[in-house]
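Below, each chain spelled out in residue letters.
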Amino acid sequence: MTYQLAPNIELLFTEAGDYHDRVRAAAAAGFDAVEMWGPTGVDAPATPKDLPALKAALEETGTQLTAQLAEPRTQFMIPPWDHSEFFRKLDEGVAIAQDLGCPRMVVGSGTGFGGWKRQVQLDKLVEIYQKAIAQIDGSGITLALEPVNVRVDHPGSLLDRTAEAVYVARGVDSPFFGVLYDIYHSAVEGEDMAAELKNAADVLAYVQLADAPGRGEPGTGELDWAERLRILRTVGYDGPIGLEYYPTQESAASTALIREIAAAA
């Protein structure tokens, strides 16, 4: 089965205009899936989304929304250690995801809990996300925990190693909680993709990509994409792949190489 590629409509098909028009542009370019960041645009980007228009475009084109971010982006270190806003907005995000037919919400670690030992912090994340999963039980929505690189894009983030995200996911121990493996973030951190995915295979919930260095489309950096997708196949991942990169050319053209490689993977 060919991998389903999902352009990120924050970064791709922006030439088309508003988000619903980007969905239509992606569909016109031959994609049957897209992903996005925050569903209401409160966090990133700052532009609010017209959710009814977005839903209409998804339904009209038959396009699957594969992932959206949970809001607010998880900053669990902020005193007074009050995470109530995250949990309050979680229900709102789940309702939006259900309405849009989106099966996954992406969550993070924030910048951690200042001054605490790393293992204690990871165990605290397990506790937080066990509570989150219990709160949304029965919703059918999967939470995908994303480790991000701290070397270039997200300095100060707690969770920068795939293996630590896997530790948290196994601790949460739910079929509706897993790891988002971003090929770009992992490469920037210098990880061995084959080794990391062999370890993560049982909790792999979603995959994203960009080339490295530079975070542009595949072909602009140094990664061997045929090899990367072969590794994905080897560990049994057959879910969608989010195209979360900054295009260096017109959006549809920027997808040509990865579409060709994915078709053969």
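For the structure itself, consult the block above.
The following refers to the structure shown. (Residues numbered from 1 in each chain as written. Predicted model: local features only at pLDDT ≥ 70, side-chain atom pairs only at ≥ 80, totals over all residues. Heavy atoms only, no water.)

Moving on to the pattern of salt bridges. On inspection of all chains with the given rule, the structure shows 16 salt bridges. Salt-bridge contacts for Asp21 lead to Arg24; the nearest nitrogen and oxygen are separated by 3.7 Å. Linking Asp21 with Arg24, this pair stays in helix α1 (residues 19-28), spanning 3 residues, or about one helical turn. Classification of Arg24 by relative accessible area gives partly exposed; the value is 27%. For the salt bridge of Lys89 with Glu92, the shortest nitrogen-to-oxygen distance reads 3.4 Å. Of this pair, Lys89 and Glu92 both sit in helix α3 (residues 84-100), 3 residues apart, which is roughly one turn of the helix. Judged by its relative accessible area of 13%, Lys89 falls in the buried class. When its relative accessible area of 32% is taken as the criterion, Glu92 is described as partly exposed. Through salt bridges with shared partners, a single network forms among Arg151, Arg161, Glu189 and Glu191. (Salt bridge = Lys/Arg side-chain N within 4 Å of Asp/Glu carboxyl O. Helix = DSSP H or I, 4+ residues; strand = E, 2+ residues; numbered from the N terminus. Buried < 20%, exposed > 50% of the residue type's maximum accessible area, 1.4 Å probe, protein only.)

A few words now on a nonpolar patch on the surface. A cluster of nonpolar side chains, Trp81, Trp116 and Val120, forms an exposed patch at the surface whose accessible area comes to about 290 Å². Within the secondary structure, Trp81 sits in the loop between β4 (68-69) and α3. (Patch = residues over 30% accessible without salt bridge, like charges linked within 9 Å, V, L, I, M, F, W, Y side chains within 5 Å. Areas by Shrake-Rupley, 256 points an atom, 1.4 Å probe, with all protein chains shown as cover.)

All right, on to the sheet that holds strand β1 (residues 5-7) then. Strand order in the open sheet formed by 7 strands is β1-β9-β8-β7-β6-β5-β4, with parallel pairing between adjacent strands. Each of the sheet's edge strands pairs with one partner strand only, and the pair in question is β1 and β4. Both strand β8 (residues 204-209) and strand β9 (residues 241-243) contribute to a ladder of 3 bridges, which runs parallel. Opposite Gln208, over in β9, you have Gly242 as the bridge partner. Along the sheet, helix α4 (residues 118-135) makes contact with β5 (104-107), β6 (142-145) and β7 (177-182), crossing β6 at roughly 160 degrees. (Pairing = 2+ DSSP bridges. Contact = heavy atoms within 4.5 Å. Axes fitted to C-alpha atoms, helices over the stretch in contact; angles between N-to-C directions.)

Turning to the packing of helix α7 (residues 193-200) against helix α8 (residues 225-234), a few remarks are in order. The geometry of α7 relative to α8 is characterised by a closest axis approach of 10 Å and an angle of 20 degrees between their N-to-C directions. By the angle between their axes, α7 is roughly parallel relative to α8. α8 is crossed by α7, and the crossing has right-handed handedness. Residue-level contacts link Met193, Ala194 and Leu197 of α7 to Arg228, Ile231 and Leu232 of α8. A per-class count over the contact of α7 with α8 returns 5 nonpolar, no polar and 1 charged. (Parallel < 35°, antiparallel > 145°, perpendicular 65-115°, else oblique. Left-handed = near helix turned anticlockwise from the far one by under 90°. Nonpolar A, V, L, I, M, F, W, Y, C, P; charged D, E, K, R; others polar.)

This paragraph deals with α4. In a regular helix each residue adds 1.5 Å, so 18 residues correspond to 26 Å; α4 covers 26 Å between its end C-alpha atoms and thus fits that length. For α4, the elements touching its buried residues are α3, β5, β6, α5 (162-172) and β7. (Expected span 1.5 Å × (residues − 1).)

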